[in-house]
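Per-entry structural report
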Amino acid sequence: MTRPAPRVVEALNAALHRLFEERTSLHLLGEDVRDPYGGAFKVTRGLSARHPDRVLSTPISEAGITGVAGGLALAGDQAIVEMMFGDFAALAFDQILNLISKSVTMYGDRVPMPVVVRCPVGGNRGYGPTHSQSLQKHFLGVPNLALYETSPFHDPYEQLAEGLDRGPAMLFEDKVLYTRRMFRDGVVDEHHRYALRGGPTGWAHISSMDGTAADVALICPGGTAHRALDAARLLRARGIAAHVLVPARLYPPDLEPVLPLLADARLVAVAEESTAGGTWGAEIAARVHARIWAQLRAPVLLLNSADSVVPTAPHLEARVLLGAERIAEEIEAGAARSLPPRAPATPPPATPLAVTGPETPRPETTAPETPGAGAGEPESAAADSAEPVAGVPVAVPKLNNNDTAYLVVRWFADDGAYLDEGDPLVELETSKAVEEIAAPAAGHLRVRAAEGSEVGVGELLAELLAAPPAAPGPEARSAAPSEPLPKSLPEPARAQEPGPAAARTHVLDRAQQGTAAVVTRAHREVPVAFAAVEVTVDAVLARLCTLSDETGAEVGLPEAVVKAVAAAHPAFPHLFGTLVDERTVRLADTVDIGVTVDAGNGLYIPVLRDCAGRSLADLSDDLMDFRLKAFRAEFTAGELSGGCLSVSLNTEPGVLFVQPIVMAPQLCMVSVGGPLTRLVLEDGVPASTTVVTLGLAYDHRVVNGRDAVAFLRAVADALHDAEKLVELVDGQ
């Protein structure tokens, strides 16, 4: 099996170990950098064990630490300084500005100053105003001082080595990158590739696999790279080809390797997390304007975080910091001003009637303006491929700028039923909410998209015909209930006139209404049974704690349960299947498992992909991303669909057990409760042990109690048995 790419924190750690082996005069100074702590983010783990005399844990004095590093350099040694948080580099500004950088040329002859100051920076971790800043801009333009930033494309060894050799330098390390994997072998994902321009400390150029030329050249530092990639994916779906450019060295910038690409693009943008004003992006824009002003179609677009301190609360932090959706929106607006419209390859079809949701952000958008039109993407052909109809077509509206496809939750009427204009028609689930779509005209319903299916913007949802259809449409929903569905969920109680009989009410929000619809359908259609077992987890919790220290990922019981469930797939394949008819179960090829995430603004069940083939640390990374997306309600429909089994995570202390439902068309849902302390006898001596309860809700049409209990015991054994535990935790 191919070993996964290292995380950025592992690459940094390996780079430091290599430098210490190669450079016998190299020292590292910082707070808590010696083992067993290994630094606040574990970047220096293992260094002091191998080089005890050259790794120094210091008092809390950033100015003192940096001054000592400058003295070591003046004495002929080399030094790397670790700021526990980059925000504290402000305390060392005097030493960096007036000692280390000036000493290079202040004494008549050029003096080597091999000093690198490492600074963990950036937000999106909930660390608050004084531990989340991006201070790169405050060190721009200091003579002799080079600035670098880690990225998932560049080897940090090359950055550190070059920084020491040309010294002095600062290396900014975005904290969110630490647990992310490095990219390698020129591959980003199935749609994007990358290549280095200008050598190992040059630029990473991320472009489309199909070689599409750049409409937009999006420049960003390494800490913003993943957000820029997400924005490029959003723009791709909207018909705008964005190439992403990430430098290893921020300052002084070398634009030569990328100038031809910038000159050919019709819009150049720079995205960074710092606040506006005197920024790195402004420096890049000034240099680009000076070099290729005649070739630019528009001024360089500058994108920054809001003019604010960084809040601690995740929902407020997300509003302040620059995110992928705002990058895409601003570039799309800039592209509309600077890019000429693309001529369609064929005459457009007759304009179908657009249906707008209650919170449509761009009501002027109609169905033919499908994101991606003209870019050769499958989504772009969706509206064109719909067959002509005699009635009123109902196309999938654009409900928000974050998604290009939505999930059909339920139809409010049966195929063939008559609807008046304005009647509730269908519910679509977006990454933010469940939206109710009303009938745009009166007519008899012909359903064209099944419940549970994913539909792209502009695709045909249904038709409203003047006469009842002769037969159900070919895309009619797969499982219509025998009893008619209600026209809508119960109306929220209306406010009553003040009076003694007036009652207090609680109105369900859209997210909870969507959950109610799914739960109601599950209880109506699936004959569910339930079984539970108790499992001792002391050994797995101890091993997971060690694994977290070893990998830098926060690996916990939820990931272990998901992995143990996936490990049971070969022995119980039918539990991971889908019921096709009364006697047939379609088996899953890969183990994609949904997990419940509730951040207080609605229940989501995003899907962890290929759980059997990926490591616990990888699953931990995905779960961390899911929790952040749940806080910000940023899931796409694709992330919430496709699971073959789900796990309900309820691991808060004191939760005895949870009885989940079965999410059709799945057949099973596993639940895991919180850790409980039990008193047991070991060799006649009382001792405490930690247990959790595993539950399994299962579709009794396919799974019997014997199989259910055997499956739970297999999962429990993987979490408890010594040999199976080693295989589970260390096997990937």
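Parameters at a glance
- Residues numbered from 1 in each chain as written.
- Predicted model: local features only at pLDDT ≥ 70, side-chain atom pairs only at ≥ 80, totals over all residues.
- Heavy atoms only, no water.
- Buried < 20%, exposed > 50% of the residue type's maximum accessible area, 1.4 Å probe, protein only.
- Helix = DSSP H or I, 4+ residues; strand = E, 2+ residues; numbered from the N terminus.
- Arc of directions from axis to C-beta.
- Contact = heavy atoms within 4.5 Å.
- Pairing = 2+ DSSP bridges.
- Axes fitted to C-alpha atoms, helices over the stretch in contact; angles between N-to-C directions.
- Right-handed = clockwise from strand over helix to strand, strands pointing away.
- Polar contact = N/O pair within 3.5 Å; in protein donor to acceptor, adjacent residues only side chain to side chain.
- Salt bridge = Lys/Arg side-chain N within 4 Å of Asp/Glu carboxyl O.
- Core = buried A, V, L, I, M, F, W, Y, C linked by side-chain atoms within 4.5 Å.
- Parallel < 35°, antiparallel > 145°, perpendicular 65-115°, else oblique.
- Left-handed = near helix turned anticlockwise from the far one by under 90°.
- Nonpolar A, V, L, I, M, F, W, Y, C, P; charged D, E, K, R; others polar.

**Re helix α14 (residues 557–567)**
Counting buried residues along α14, 10 of its 11 residues qualify, which places the element largely inside the surrounding structure. Within the span of α14, buried status applies to L557, P558, E559, A560, V561, V562, K563, A564, V565 and A566.

**Description of helix α4 (residues 93–100)**
An α-helix turns once every 3.6 residues. As a result, residues three or four positions apart point the same way. Considered for burial, the residues of α4 that qualify are Q95, I96 and I100. End-on, the buried residues of α4 take up no more than an arc of 100 degrees, which puts them together on one face. Here the buried face of α4 lies against α3 (62–74), β4 (115–121) and β6 (169–174).

**What about the sheet that holds strand β17 (residues 424–429)?**
Sheet architecture is open: four strands sit in the order β18-β17-β15-β20, paired in antiparallel fashion. The two strands at the open ends of the sheet, each matched to only one other strand, are β18 (434–438) and β20 (454–456). This sheet shows a mean twist of 40 degrees between the axes of neighbouring strands, independent of strand direction. As defined by bridge partners, β17 adjoins β18 across five bridges and the pair is classed as antiparallel. Across the sheet, the residue bridging to E429 is V434, located in β18.

**Let's talk about the pairing of strand β9 (residues 216–219)**
Walk down a regular strand and you will see the side chains alternate between the two sheet faces. Covered by surrounding structure in β9 are V216 and L218 together with A217 and I219, the residues of both alternating faces. Judged from the four bridges that link them, β9 and strand β10 (residues 242–247) form a sheet pairing that is parallel. Within β10, the residue paired with L218 across the bridge is V244. Regarding topology, helix α6 (residues 225–237) serves as the crossover connection from β9 to the parallel β10, and that connection is right-handed. With four bridges joining them, β9 and strand β12 (residues 267–275) adopt parallel strand pairing. Across the sheet, L218 pairs through a bridge with A269, a residue of β12.

**Observations concerning the environment of S305**
Relative to the elements of secondary structure, S305 occurs in strand β13 (residues 301–305). Residue S305 is classed as buried on the basis of its relative accessible area, which comes to 6%. Sequence separation between S305 and S134 is 171 residues, and the spatial gap between their C-alpha atoms is 10.0 Å. Not counting residues up to four positions away in its chain, the partners in contact with S305 are E272, E273, S274, T275, A276, V320, L321, L322 and R326. Among the polar contacts listed, one links the side chain of S305 to the backbone nitrogen of L322, at a separation of 3.0 Å.

**What to know about the pattern of salt bridges**
Tallied over the full model, the rule gives 23 salt bridges. Residue E82 is joined to R118 by a salt bridge in which the shortest nitrogen-to-oxygen separation is 2.7 Å. With E82 in strand β3 (residues 78–82) and R118 in strand β4, this pair connects stretches of sequence that are 36 residues apart. In this structure, E463 and R448 form a salt bridge, with 2.3 Å as the shortest nitrogen-oxygen distance. Remark: R448 occurs in the loop between β19 (443–447) and β20 and E463 occurs in strand β21 (residues 460–465); sequence separation between them is 15 residues. Side by side, E463 and R448 carry an identical accessibility label, which is buried.

**Quick notes on the sheet that holds strand β16 (residues 418–419)**
Strands sit in the order β14-β21-β19-β16 across an open sheet of four strands; the sheet is antiparallel. In this open sheet, the two edge strands, each paired with only one partner strand, are β14 (392–395) and β16. In the sheet, β16 pairs with β19 via two bridges, with the strands oriented antiparallel. Looking at β19, one finds that Y418 is bridged to H444.

**Describing the nonpolar core**
Among soluble globular proteins, nonpolar side chains are generally buried collectively. Of all hydrophobic cores here, the largest spans 59 residues; its most connected members are V565, V595, V647, L694, L696, F711 and L719. Of all hydrophobic cores here, the second largest spans 49 residues; its members include V104, A214, Y251 and W280.

**A closer look at the environment of L461**
Topologically, L461 is positioned in strand β21. In sequence terms L461 and R446 are 15 residues apart; their C-alpha atoms lie 9.0 Å from each other. Leave out the neighbours within four places in its chain, and L461 touches V394, A395, V396, V408, W411, V426, L428, V447, R448, A449 and V455.

**Quick word on the packing of α14 against helix α16 (residues 705–720)**
Across the interface, α14 lies against α16 with an axial gap of 9 Å and an inter-helix angle of 125 degrees. Relative to α16, the element α14 lies oblique. The interaxial crossing formed by α14 with α16 has right-handed handedness. Across the interface between the two elements, A560, V561, A564 and V565 of α14 pack against F711, V715, A718 and L719 of α16. The residue inventory of the contact of α14 with α16, partitioned by class, reads eight nonpolar, no polar and no charged.

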